[in-house]
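Analysis of the macromolecular model
Chain by chain, the residues:
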Amino acid sequence: MAEEPTRLTPGVSSPRRALQMLLSFDAENPRATPAELAERMDLPMSSIYRYISLFRELDLLEEDEESSALQVTPRILPVARAAIAVQDFVRVAQPHLETLSAEVGETVMLMRQSGAAAVCMSSVVSSHALRLDFGVGHTFPFGSGATTKVLLAAMSPEERTRHLDARVRADSGFAERREAFEAEIADAERQGWATSEEELEPGVWACSAVIVRPGRRPSAVTVAGPVFRLSARDRRQVIDKVRATARAVENRLNNNHLAHEAPVAGEVRSGA
């Protein structure tokens, strides 16, 4: 489902910055000092302390006992659970993700568009001693990796251009890679899947296949593993299995009426 260009709501700049500060805490940055938050948000310390006071009042932020840095409290967990609870497709997809991970021996993720990024909604981590672990909530910015290629390919040309333009503004180096990346998006749109090698992390190969749900934001099944463990033959098998899993999840979702309408037969983006 194409999103309208983001328009800033007038008159709420301070609440917006406060929420942006709270949302800056994630699995990779679980704690931060007031000074670090001020640098992260590019805000004066007076504003940071005001927001901290509000979130401590609401029991959303607390000090870590050992470091005295700030961290989110368990009070936020019901909100996170509520976000997961409304995602019916996670429940439907989970058995398929587990089967795929067992078959290919690598980490499998269910990804979905969220704003200007791909967010992990569920993951099944490989049982290997050396394995990749992208937890729920991990995000990948549009413009890098197999997942964002297939998600961008599923969007309207206008929305796709808007996201890539935003990436160029945020990362000037992407401008030089954009033409090649757009060619890979075109391939993904035609075949319904894409691969990447060392685009997001050194030594990592990934394959992603789109899940088409008419009227819904694009989502995808992604497998990621170390380059050294995946031979050319292994990669071909992974591609086939990822495509088959995405189709199985897609069919189950649409047949269960979790989408607004049945998928269009022969739709190119489905990769069938």
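First, a word on scope: everything that follows refers to the structure included in this document. Counting restarts for each chain: residues are numbered from 1 in the order of the written sequence. Side-chain atom pairs in this predicted model are given and counted only at pLDDT of 80 or more, local residue features only at pLDDT of at least 70, and totals for whole chains, interfaces and linings cover all residues. Only heavy atoms go into the side-chain values, all of them from the structure, while hydrogens and water stay out.

Quick look at helix α2 (residues 34–41)
- When we look at burial in α2, the residues that qualify are Pro34, Leu37, Ala38 and Met41. Seen end-on, α2 carries its buried residues on one side only, within an arc spanning 100°.
- Looking at the buried side of α2, the elements it contacts are α1 (13–23), β1 (31–32), α3 (45–57) and β3 (70–72).
- Numbering of helices and strands runs from the N terminus; a helix is a DSSP stretch of H or I covering at least four residues, while a strand is a stretch of E covering at least two. Note on α2: the residue one or two positions beyond its end, aspartate 42, has a positive phi of about 55°. Each residue is assigned to one of three classes by its accessible area relative to the maximum for its type, calculated with a 1.4 Å probe on protein chains only: buried under 20%, partly exposed between the two thresholds, exposed over 50%. The directions from the helix axis to the C-beta atoms form the arc being described. Contact definition: two residues touch when any of their heavy atoms are within 4.5 Å.

Overview of the sheet that holds strand β9 (residues 219–226)
- Any two strands with at least two DSSP-identified bridges between them are counted as paired. Taken in spatial order, the six strands line up as β6-β5-β4-β9-β8-β7 in an open sheet, and their pairing is antiparallel. Edge positions in the open sheet fall to β6 (139–141) and β7 (193–197), since each of these has one partner strand only. Averaged over all pairs of adjacent strands, the angle between their axes in this sheet comes to 25°, without regard to strand direction.
- Bridge analysis of strand β4 (residues 107–114) against strand β5 (residues 117–124) gives seven bridges, and the strand direction is antiparallel. For methionine 109, the partnering residue across the bridge sits in β5 and is serine 123. To get an axis, fit a line to the C-alpha atoms, keeping to the stretch in contact for a helix; angles then go from 0 to 180 degrees between the N-to-C directions.

Remarks on the packing of helix α5 (residues 88–104) against helix α9 (residues 232–255)
- At a minimum axis separation of 10 Å, α5 and α9 run at an interaxial angle of 160°. It follows that α5 is roughly antiparallel to α9 by the angle criterion. Both α5 and α9 take part in a crossing whose hand is right-handed. In this structure, α5 contributes Phe89, Val92, Ala93, His96, Leu100, Glu103 and Val104 to the contact, and α9 contributes Val238, Lys241, Val242, Thr245, Ala248, Val249, Arg252 and Leu253.
- Each residue belonging to the contact of α5 with α9 can be placed in one class, and the counts come to 10 nonpolar, two polar and three charged. Note on terminology: angles under 35 degrees are roughly parallel, angles over 145 are roughly antiparallel, angles of 65 to 115 are roughly perpendicular, and the others are oblique. By convention the crossing between two helices is left-handed if the near helix lies anticlockwise of the far one by an angle smaller than a right angle, and right-handed if it lies clockwise. Each residue is assigned to one of three groups, with Ala, Val, Leu, Ile, Met, Phe, Trp, Tyr, Cys and Pro labelled nonpolar, Asp, Glu, Lys and Arg labelled charged, and all others, Gly among them, labelled polar.

Quick notes on a negative patch on the surface
- For patch building, the residue pool is restricted to those with more than 30% relative accessible area and no salt bridge; the joining distance is 9 Å between like charges and 5 Å between nonpolar side chains (Val, Leu, Ile, Met, Phe, Trp, Tyr). Accessibility throughout is a Shrake-Rupley quantity obtained with a 1.4 Å probe, and a residue counts as covered only by protein chains that appear here. The term salt bridge refers to a pairing of a side-chain nitrogen on Lys or Arg with a carboxyl oxygen on Asp or Glu at a separation within 4 Å. Here the positive residues are Lys and Arg and the negative ones are Asp and Glu; neither His nor the chain ends is included. Working definition for charges: the position is that of NZ of Lys, CZ of Arg, CG of Asp or CD of Glu. Residues Asp59, Glu62, Glu65 and Glu66 make up a contiguous surface patch of negative charge.
- Checked against the element boundaries, glutamate 62 lands in strand β2 (residues 61–63).
- Given the relative accessible area of 30%, glutamate 62 is considered partly exposed.

A short note on the environment of valine 210
- With respect to the helices and strands, valine 210 occurs in strand β8 (residues 204–211).
- Along the chain, valine 210 and alanine 194 lie 16 residues apart, while their C-alpha atoms are 8.9 Å from each other.

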